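Topology and contacts: notes
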Amino acid sequence: MAFAFGFIVIVFTSFGIEKLWSKYLNSKAVNFFLFPGAVIHELSHAFLCLITGTTIKELNIFKLENGSIKYDKPKVPFLFDFFIATSPIFGCAFIIILISIILGNPIRVDESLPNEVTFSIKAVFDYAKNFLDMIWLTLNAFWKSGFQSISSIIFIIASIIFTVSMAPHKGDIKYIVPGFIILGSALFALEWFGISLLGYKWWDKVLDNSWKIITYIVSILLTILFISSIIVGIIKAIRLTFGHKGE
């Protein structure tokens, strides 16, 4: 369930950042900055369409505005819709990992997100605290090592571009969120009935590495959302001060 929760946080946080930037920043500047991520986003959709045998009707990836993909209804409804809709998360994550390897892993943010989910009032406050800790750890990591070399600066920029570019299209959310909930529930059910995949060392290693990647992505997105919210607040305050109507 923790993995499902992590992916859902990524979906809504990246979606919120993209909408916030689109509303309060220059759209052309935002599209230009996120262009590499937008290309990977749409190519990820296209790649999964090819794998699932879904016919692509239109693909525009080299436009700063209105880059998109249109495809026929998948042969296996919902399941293939889920695969296609979530593909940019994995595509952009792969690019972040690749860039990190090429640059020699210039930045590391310590993990602080629990890998188990519990349902209680205390758990809600614990997660809120963990999210704040992640923002602090990310800012601290960026301050200490993020601007010490060209490679670290490039990696920060790449991390911002490709995490924000994970943001789903609005119509894809109806497949992504239920899909991750169902997947997480299925894995939880297997554990409940004593069928543990953690008994396989390769699976345990995959989960461990995947969780580190998810934690890093969530850390970056929460930090971007935090900073963006502060900037938007300042913009609104300035507009209010000088007599401009609020958005």
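Values in this document were obtained by computation on a predicted structure and should not be read as measured data. (Residues numbered from 1 in each chain as written. Predicted model: local features only at pLDDT ≥ 70, side-chain atom pairs only at ≥ 80, totals over all residues. Heavy atoms only, no water.)

Quick notes on a nonpolar patch on the surface
Counted only if it meets this: Patch criteria: residues need more than 30% relative accessible area and no salt bridge. Like-charged residues are merged within 9 Å; nonpolar side chains of Val, Leu, Ile, Met, Phe, Trp and Tyr are merged within 5 Å. To be clear on the numbers: accessible area is Shrake-Rupley with a 1.4 Å probe, and residue cover counts the displayed protein chains and nothing else. The rule for a salt bridge is simple: a side-chain nitrogen of Lys or Arg has to be within 4 Å of a carboxyl oxygen of Asp or Glu. The helix count covers DSSP runs of H or I at least four residues long, the strand count covers runs of E at least two residues long, and both are numbered beginning at the N terminus.
The grouping of L139, F226, I227, I230, I231, I234, I238 and F242 at the surface amounts to a nonpolar patch, some 720 Å² of accessible area in total. The leading source of residues in the nonpolar patch is helix α8 (residues 201-241), at six residues.

So, the packing of aromatic side chains
Which entries qualify depends on this criterion: When the centres of two rings from Phe, Tyr and Trp lie within 6.5 Å, Trp using its six-membered ring, the rings pair. Their planes under 30 degrees apart give stacked, over 60 give edge-to-face, and anything left gives tilted. For every residue, the accessible area obtained with a 1.4 Å probe (protein chains only) is divided by the maximum for its type, and the residue is called buried under 20%, exposed over 50%, and partly exposed between those limits.
Taken as a whole, this structure holds eight aromatic pairs when the rule is applied. Here the aromatic rings of W21 and F33 are separated by 6.4 Å at their centres, their planes lie at 55°, and the arrangement is tilted. Remark: F33 occurs in helix α2 (residues 27-33) and W21 occurs in helix α1 (residues 2-24); sequence separation between them is twelve residues. For W21, a relative accessible area of 12% corresponds to the buried category. Classification of F33 by relative accessible area gives partly exposed; the value is 31%. Members of the aromatic cluster, each reached through a chain of ring pairs, are F7, F80, F82, F83, F90 and F180.

Description of the packing of helix α4 (residues 79-102) against helix α6 (residues 150-164)
Defined as follows: Axis definition: a line fitted to C-alpha atoms, limited for helices to the stretch in contact. Angles are taken between N-to-C directions and run from 0 to 180 degrees. Note on terminology: angles under 35 degrees are roughly parallel, angles over 145 are roughly antiparallel, angles of 65 to 115 are roughly perpendicular, and the others are oblique. By the convention used here, residues are in contact when the closest approach between their heavy atoms is within 4.5 Å.
Where α4 meets α6, the axes come as close as 9 Å, and the angle between the chain directions of the two elements is 170°. On the basis of the axis angle, α4 is roughly antiparallel to α6. On α6, the residues touching C92, I95, I96, I99 and S100 of α4 are F155, A158, S159, F162 and T163.

Here we look at the environment of K73
One can find K73 in the loop between β2 (68-71) and α4. Considered as a pair, K73 and T55 are 18 residues apart in the sequence and their alpha carbons are 8.0 Å apart.

Describing the pattern of salt bridges
Applying the stated criterion across every chain, the model contains two salt bridges. Between K57 and D72 there is a salt bridge whose closest N-O contact spans 3.8 Å. In this pair, K57 is assigned in strand β1 (residues 56-60) and D72 in the loop between β2 and α4, connecting sequence segments 15 residues apart. Classification of D72 by relative accessible area gives partly exposed; the value is 31%. Put simply, E58 and K70 hold a salt bridge, and the shortest N to O gap is 3.9 Å. In this pair, E58 is assigned in strand β1 and K70 in strand β2, connecting sequence segments twelve residues apart. When its relative accessible area of 32% is taken as the criterion, E58 is described as partly exposed.

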